[in-house]
Amino acid sequence: MKTEKTFMTGNWENLIIKTFSCDAALLEKCLPRDIELDLYQNKALFSMVAFTFSKVKFFGFKIPLHQSFGEINFRCYVKSKIDGTKGVVFIKELAPKPLMALIANGIYNEPFYYKKITKKIISSAIYKDICYSFKSQKKWYAINTTILNEKIKLKTNSLQEFIVDRYIAFVKGRRNTTYEYKINHKPWQLFNIQNVSIPKEVLSLLPTKFHTASEIATYVVDGSAITVEKGILQKQTNLALI
């Protein structure tokens, strides 16, 4: 990876992650060059991730009116054909901030779109209620969960570790290049879920071909401060291997 300077910092917190399985061929169409699907028990998986994005900075500068908002993205699980590095590819990213979509699409070629999304988080000493609402086909739908304010470490070699423990995002670049975004953060942990409600209409945010995907699991993750570095995925040369 040829790395550039850190271009974005912020907090990704209170993540609700719902995972589905689908035909691998659907996801393969989304993959950039030199990237392949990372299967879990021979299944191709993708996830809906609803979370809070706060304290946003680009190149060290705060973006006015972009300091705390809800975001929803869809990602699949992949690895590099070059060195086996595991990561994700974003199928679609949605945020209620037009400037985010403009920057991500125009400069970084990410599949980012403007969407009306609201968030509401109520905390007590014991519980936390997290709600992200989105508008689809002129109706509002809510992604809700109640969790205990205690954290659980990821189980080694588990589905939860496979889904959550990812630190690279691969993005299709122009001129047949693949960008590699290194996401630096402390290891994330799970919250103990008391109840969760995610409407089936969440899949309506994706093209119709994804609507028959099968539900696999739901996790709620604490999140943390993050920094993101952008680089270009490069093939290894003989010199690099010496």
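Counting from 1, residues in each chain are numbered in the order their sequence is written. Predicted model: local features are reported for residues with pLDDT of at least 70 only, side-chain atom pairs are reported and counted for 80 or more only, and whole-chain, interface and lining totals are derived from all residues. Working from all heavy atoms in the structure, the side-chain values ignore hydrogens and water.

Chemist: Pulling in residues and values, what's your account of the nonpolar core?
Modeler: Grouping buried Ala, Val, Leu, Ile, Met, Phe, Trp, Tyr and Cys residues that are joined through side-chain atoms within 4.5 Å yields what is termed a nonpolar core. Only protein chains enter the calculation, and the probe is 1.4 Å; a residue is then buried if its accessible area is under 20% of its type maximum, exposed if over 50%, and partly exposed in between. Phe46, Phe74, Ile143 and Val202 are the most contacted members of the largest nonpolar core, which has 38 residues in total. One finds Ile17, Leu45, Phe69 and Tyr179 within the second-largest nonpolar core, a separate group that totals 35 residues.

Chemist: If you had to explain the pattern of salt bridges to someone new, which residues and values would you point to?
Modeler: When a carboxyl oxygen of Asp or Glu is within 4 Å of a side-chain nitrogen of Lys or Arg, the pair counts as a salt bridge. This model, assessed by the stated rule, comprises six salt bridges. In this structure, the salt-bridge partner of aspartate 34 is arginine 33, at a minimum N-O distance of 3.8 Å. According to the relative accessible area criterion, aspartate 34 is buried, its value standing at 18%. For arginine 33, a relative accessible area of 43% gives the class partly exposed.

Chemist: A description of the state of the cysteines should follow, citing residues and the corresponding values.
Modeler: Pairs of cysteine sulfur atoms within 2.5 Å are identified as disulfides in what follows. As enumerated under the stated definition, the model contains zero disulfides in all. Of all cysteine sulfurs, the one in cysteine 76 lies closest to cysteine 30, which takes part in no disulfide; the gap is 5.9 Å.

Chemist: Go over unusual backbone geometry with me, naming the residues and quoting the values.
Modeler: A positive phi angle is found at asparagine 14, which is not glycine, with a value near 50°. Mapped onto the secondary structure, asparagine 14 falls in strand 1 (residues 2-22). Residue asparagine 14 is classed as buried on the basis of its relative accessible area of 9%. A positive phi angle, close to 65°, is found at aspartate 34, a residue other than glycine. Position of aspartate 34 relative to the elements: it lies in the loop between helix 1 (24-28) and strand 2 (35-37). Per the convention used, a helix needs a DSSP run of H or I reaching at least four residues, while a strand needs a run of E reaching at least two, with both numbered from the N terminus.

Chemist: With reference to specific residues and values, describe the packing of aromatic side chains.
Modeler: Centre distance within 6.5 Å is the pairing criterion for rings of Phe, Tyr and Trp, where only the six-membered ring of Trp is used; planes under 30 degrees apart are then read as stacked, over 60 as edge-to-face, and the remainder as tilted. Per the counting criterion, the structure on display carries nine aromatic pairs. Taking the centre distance of 5.8 Å and the plane angle of 65° together, the rings of tryptophan 12 and phenylalanine 51 count as edge-to-face. With tryptophan 12 in strand 1 and phenylalanine 51 in strand 3 (residues 44-58), this residue pair connects regions lying 39 residues apart in the sequence. The class of tryptophan 12 is buried, set by a relative accessible area of 13%. Exposure remark for phenylalanine 51: the relative accessible area of 3% places this residue in the buried category. Both rings, one in phenylalanine 53 and one in phenylalanine 69, keep their centres 5.5 Å apart while their planes meet at 50°; by these two values the pair is tilted. Highlighted residues: phenylalanine 53 in strand 3 and phenylalanine 69 in strand 5 (residues 68-80), separated in sequence by 16 residues. For phenylalanine 69, a relative accessible area of 3% translates into the label buried. What links up through ring pairs into an aromatic cluster is the set Trp12, Phe51, Phe53 and Phe69.

Note that every value here comes from positions in space, so none of it alone points to a role or purpose.
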